[in-house]
Protein chains: 2
Amino acid sequence: MSAGWFRRRFLPGGLLSAPGPSRPRASPVPYRRPRFLRGSGSGPGPADASRRPDARPVRSPARGRALPWNAGYAEIINAEKSEFNEDQASCGKLCIRRCEFGAEEDQEWLTLCPEEFLTGHYWALFDGHGGPAAAILAANTLHSCLRRQLEAVVEGMVAAQPPMHLSGHCICPSDPQFVEEKGIRAEDLVIGALESAFQECDEVIGRELEASGQVGGCTALVAVSLQGKLYVANAGDSRAILVRRDEVRPLSSEFTPETERQRIQQLAFVYPELLAGEFTRLEFPRRLKGDDLGQKVLFRDHHMSGWGYKCVEKSDLKYPLIHGQGRQARLLGTLAVSRGLGDHQLRVLDTDIQLKPFLLSVPQVTVLDVDQLELQEEDVVVMATDGLWDVLSNEQVARLVRSFLPGNREDPHRCTAHPWEGHVEGCSPAQSNDPISPLSQSLLSFFLLATLAVQKQLSIRVSHQWWATRRPGRRT
Amino acid sequence: MSAGWFRRRFLPGGLLSAPGPSRPRASPVPYRRPRFLRGSGSGPGPADASRRPDARPVRSPARGRALPWNAGYAEIINAEKSEFNEDQASCGKLCIRRCEFGAEEDQEWLTLCPEEFLTGHYWALFDGHGGPAAAILAANTLHSCLRRQLEAVVEGMVAAQPPMHLSGHCICPSDPQFVEEKGIRAEDLVIGALESAFQECDEVIGRELEASGQVGGCTALVAVSLQGKLYVANAGDSRAILVRRDEVRPLSSEFTPETERQRIQQLAFVYPELLAGEFTRLEFPRRLKGDDLGQKVLFRDHHMSGWGYKCVEKSDLKYPLIHGQGRQARLLGTLAVSRGLGDHQLRVLDTDIQLKPFLLSVPQVTVLDVDQLELQEEDVVVMATDGLWDVLSNEQVARLVRSFLPGNREDPHRCTAHPWEGHVEGCSPAQSNDPISPLSQSLLSFFLLATLAVQKQLSIRVSHQWWATRRPGRRT
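Looking at an unreviewed UniProt entry, one finds chain A named Protein phosphatase, Mg2+/Mn2+ dependent 1M and attributed to Equus caballus.

Structure below.
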């Protein structure tokens, strides 16, 4: 990405404002549910949901179909919110090939040994919006981007310390010392690969959607197990937590217009034309109106984490860059997340104001050193999109997991398939032994729920739980 | 500050590039040591230090001269590094007046009751660079800016919850609900006032230095006690810690080119012209050279917290935006801190490249709820500039405090004056009972050391320790 990219891409007179000759339009991205749901006896679309108006089918992989680390997965398919379920997921083994350096030391990389060299595992959730296309593309693409990015640095990953030069040859005798001083570790290369993979995938999605005339975006939550560590990369408002007997540990943070307020306001401060005079970058407790003119009201600007009072001017009456609170908070009145993939063409309704310059595709990556944890049989990782976390706290989810798993030790599918498979009655009375009740009671009209049993390498058995859920639609 | 301010201020064709008619030059800022050192028997300049080449005078306030909360303060005056000691400090009572709303409800603030309404206490350290002028101006000005900012919001601070309108009148019936939903508390107004005060002080310093033809900048570390809370605001690489019997708690974070790398690179990414083609925004483990061309080397860009490899191009050989490691890290090869006051005229040597757009004057503010802590007699707060923290860790400083204070309970001046007052032998052998030894052994050529005994309101006695030190000069 060149230094002037941002400006050419987003400012007046940039690339988008001067469309080139029209190209032949590519085919739209074909819709489908995640591959691993095949054979689970459910059809592809929302038709199933209509069997009973208050019954929502829960879908998991077929019992004979194991996911990596015997992971489980379940979802409640889309009901009435949109034509297609916009959520997607993917998982699989990550096979990383090694590219060895040529014997001639000709400073070129030669692929002499393309066999699998390192293996990892990959699980990902994508919460789509504005159509399912971006989420489908991400589910199809991100793991390939990640594999490619990891293969580009795998030599550095397996060294005791990543070398300054990927060739392993020192140009400067103190190269190892410089790397040592910066504290660069092998895991930093995996973090860098995840960051680059998200960005590469975002570019692929942008190109594909433009070529096929489709739109949309998605959040991305990815867990990767590699070399004894679990990397969790998150761009959006999904969340992963580690649930242990005595501990609930968040493995990700949410990125929303609220949590990234200062970054977003800062960009509007240095590039006010991104708001095209239609929005104010200032935050107020509510949208201001004519009666507020001349009053001193609470406000925050980009440099403030505290609050101050300002005298209201006419420009403060514009619609706020970030408006609303909690679940209702929106960026430019349009989007509830501030990081994710896609949305390249997304504009504020009836304007030319683009959302993309305020969005980041880069994830935040956290690293869990699994080898350092004394994991117990029922320690689990739960990954879910915002629908679950809107209605259940980390602690409530942990209680659900702890109440269900130990009571079903004899069931070899306890982390894979669910006792509540089939249909969920939306408003049925709670049954004390039914772990789904708190969810159905919460008036979710659909959700996505997944269970992941993690089996550590070196034959130490560990179990992780992986849930995912969609944003709830209101039942009327 | 208007939306286009950044561009007009920093980009080609902006205000600075088109100088107006020259104004009569104001007098330079007069040099002096902190006011509270008067009467301590030491002169104003570096002359004292020359009495013996390896003896450095320690200076504290005179024994009869109490600082707020019976605070202590000491410094080792400048030796050879610069003509004047560039560090400054100030402390005092903060008297906040209340401005009551007029009976006519005419939506104007009337000063009906200018008496002192709230009182707090204020301690501040300023570590100057490029001359003492900015630090002196900050020591003279910042507390006044803070008082003004606090007086502007004091009505909101004393309310159960800050009102949406400072007049206390609701324009919209659900105003309190909006404030409640945003979770705005009285302490957010103090945080906002500190943030605005730093910014206001920075503007004052810019104007004063420009008018008097002087240059320079300084870091700022401020502690404010108000309404049962201790607010610590930091812009730069000074540090405050809380030392308790069983706990050492950092009360601030350092802001350096290293800790703020992503923010600084991000600005260079969206505004590449700020680097004028002379610098690369990318980070490498060391500066690249011709031999690296075409090699794949470790690098980081603005969006990465991990590391990747990139093929070196010619533009990567430019001097890095952030270069060096630890104490040697420099922004644009020039400055060791990324936040602070002043530096409005600072440019990279022999270029027109300004440092200021990359610097923030806004502090990070942390809040210590003193009322919630079960404070013991010898719990202390230590504030110091980077010289102390370069040579002693938080734990080492805590050990020094814990070993000295309890052994001197009978000394009423134990937190105010120091047994090591007088002169410090730079290289004298360590004496086991001498708490200054670890400092003198560390070959500090000068430092600033302060002790602050905090006496809580409500007659609960607490003691805090306040140290400060200058960057060490190397003894040859």
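The discussion continues.
> Before we go on, may I ask you to explain the interface of chain A and chain B in this structure?
How big an interface is tends to be stated in terms of the accessible area lost upon association of its parts. Between chain A and chain B, the contact holds 59 residues from the first and 59 residues from the second. Buried surface at the junction of chain A and chain B, summed over both partners, amounts to about 5400 Å²; 58% is from carbon and sulfur atoms. Where chain A touches chain B, the interface holds four salt bridges. Here Lys182 of chain B makes a salt bridge to Glu283 of chain A, at a shortest N to O gap of 2.7 Å. At the junction of chain A with chain B, the criterion picks out 26 residue pairs in polar contact (both at pLDDT 80 or more).

> Any chance you could explain the environment of Lys229 of chain A here in plain terms?
Residue and element names in this part refer to chain A. Residue position: Lys229 is located in strand β6 (residues 229-235). Taking the C-alpha atoms as reference points, Lys229 and Ser338, 109 residues apart in sequence, are found 27 Å from one another. Those residues within four positions of Lys229 in sequence are excluded, and the remaining contacts are Glu187, Val224, Val367, Leu368, Asp369 and Val370.

> Please clarify how the sheet that holds strand β8 (residues 247-250) of chain B should be interpreted in this entry.
Hydrogen bonds between backbone atoms are what pair the strands of a sheet, whose relative direction is either parallel or antiparallel. Residues and elements named next belong to chain B. Taken together, the three strands give an open sheet; going across it, the order is β8-β7-β17, and neighbouring strands pair in antiparallel fashion. Two strands bound the open sheet, and with one partner strand each, they are β8 and β17 (380-384). On average, each strand axis in the sheet is inclined to that of its neighbour by 20 degrees, with strand direction left out of account. When strand β7 (residues 239-244) meets β8, the two strands line up antiparallel, connected through four bridges. From the neighbouring strand, Leu242 faces β8, where its bridge partner is Arg249.

> Where do I start with helix α7 (residues 394-404) of chain A in this structure?
One full turn of an α-helix is made of 3.6 residues, so residues set three or four places apart face in the same direction. Residues and elements named next belong to chain A. Within the sequence span of α7, burial applies to Asn394, Val397, Ala398, Leu400, Val401 and Phe404. One side of α7 holds all its buried residues, which, seen down the axis, span an arc of 160 degrees. Projecting away from the buried face of α7 at angles above 90 degrees are the exposed residues Arg399 and Ser403.

What counts and how
- Residues numbered from 1 in each chain as written.
- Chains lettered and ligands numbered in written order.
- Predicted model: local features only at pLDDT ≥ 70, side-chain atom pairs only at ≥ 80, totals over all residues.
- Heavy atoms only, no water.
- Contact = heavy atoms within 4.5 Å.
- Buried area = accessible area lost by both parts, 1.4 Å probe.
- Salt bridge = Lys/Arg side-chain N within 4 Å of Asp/Glu carboxyl O.
- Polar contact = N/O pair within 3.5 Å; in protein donor to acceptor, adjacent residues only side chain to side chain.
- Helix = DSSP H or I, 4+ residues; strand = E, 2+ residues; numbered from the N terminus.
- Pairing = 2+ DSSP bridges.
- Axes fitted to C-alpha atoms, helices over the stretch in contact; angles between N-to-C directions.
- Buried < 20%, exposed > 50% of the residue type's maximum accessible area, 1.4 Å probe, protein only.
- Arc of directions from axis to C-beta.

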